[in-house]
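What the coordinates show
As a plain string of letters, each chain reads:
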Amino acid sequence: MKKLSKLLLALSFVLSMATSAFAVTVVSWGGAYTESQKLGYGDPTAAKLGVPVDWVDYTGGLSEIKAQKEAGKITWDIMDVYARDTIIGCDEGIFHEFDFDKDFSPAPDGTPKRDNSPHHSLNNLM
């Protein structure tokens, strides 16, 4: 599951950077956890694509992103959230649920995305 979470965050990261002319803001839990994300795939992806990344720590939940959305001033591009908050966020229209087959290309070997990812996994962007 950790591998899938990293894959989903990396995909979100790439998509967000591809659609943004500015820095991408990634929100995570802080400490060693965020540092591992940053060093493991954040920094290498940012360097490869030439897009700066701002890392923000938060304590969880959806209240901060709800407030941003209601104010019409969303400043976070990618969030690392618990599965429960992912489901609630999608149900409440805070996050966008991607259809892997429609929204992503097949793997280099031609394997469809639906076969590379469990059908219940969600990739979220705002």
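Parameters and conventions
- Residues numbered from 1 in each chain as written.
- Predicted model: local features only at pLDDT ≥ 70, side-chain atom pairs only at ≥ 80, totals over all residues.
- Heavy atoms only, no water.
- Helix = DSSP H or I, 4+ residues; strand = E, 2+ residues; numbered from the N terminus.
- Buried < 20%, exposed > 50% of the residue type's maximum accessible area, 1.4 Å probe, protein only.
- Contact = heavy atoms within 4.5 Å.
- pLDDT = per-residue confidence, 0-100.
- Pairing = 2+ DSSP bridges.
- Right-handed = clockwise from strand over helix to strand, strands pointing away.

A count of helical and extended segments in the chain gives 6 helices and 5 strands. Tracing the chain from N to C terminus, the helices and strands come up as α-β-α-β-α-β-α-β-α-α-β. Considering the chain as a whole, with its 126 residues, one finds that 40% of them fall into the buried category. Sequence separation of 24 or more characterises 70% of the internal contacts of the chain that already satisfy a separation of 6 or more.

With that settled, consider the confidence of the model for the chain. Overall, the predicted model of the chain reaches an average pLDDT of 79, with 72% of residues at or above 70. The spread of mean pLDDT over the elements of the chain runs between strand β5 (residues 124-125), the lowest at 40, and strand β2 (residues 53-57), the highest at 94. In the predicted structure, residues 118-126 sits below a pLDDT of 50 and forms 38 contacts with residues beyond four places in sequence or in another chain.

In the sheet, strand β1 (residues 24-28) pairs with β2 via 5 bridges, with the strands oriented parallel. Within the sheet, the bridge partner assigned to Val24 lies in β2 and is Val53. With helix α2 (residues 31-49) bridging β1 and its parallel neighbour β2, the resulting β-α-β unit is right-handed.

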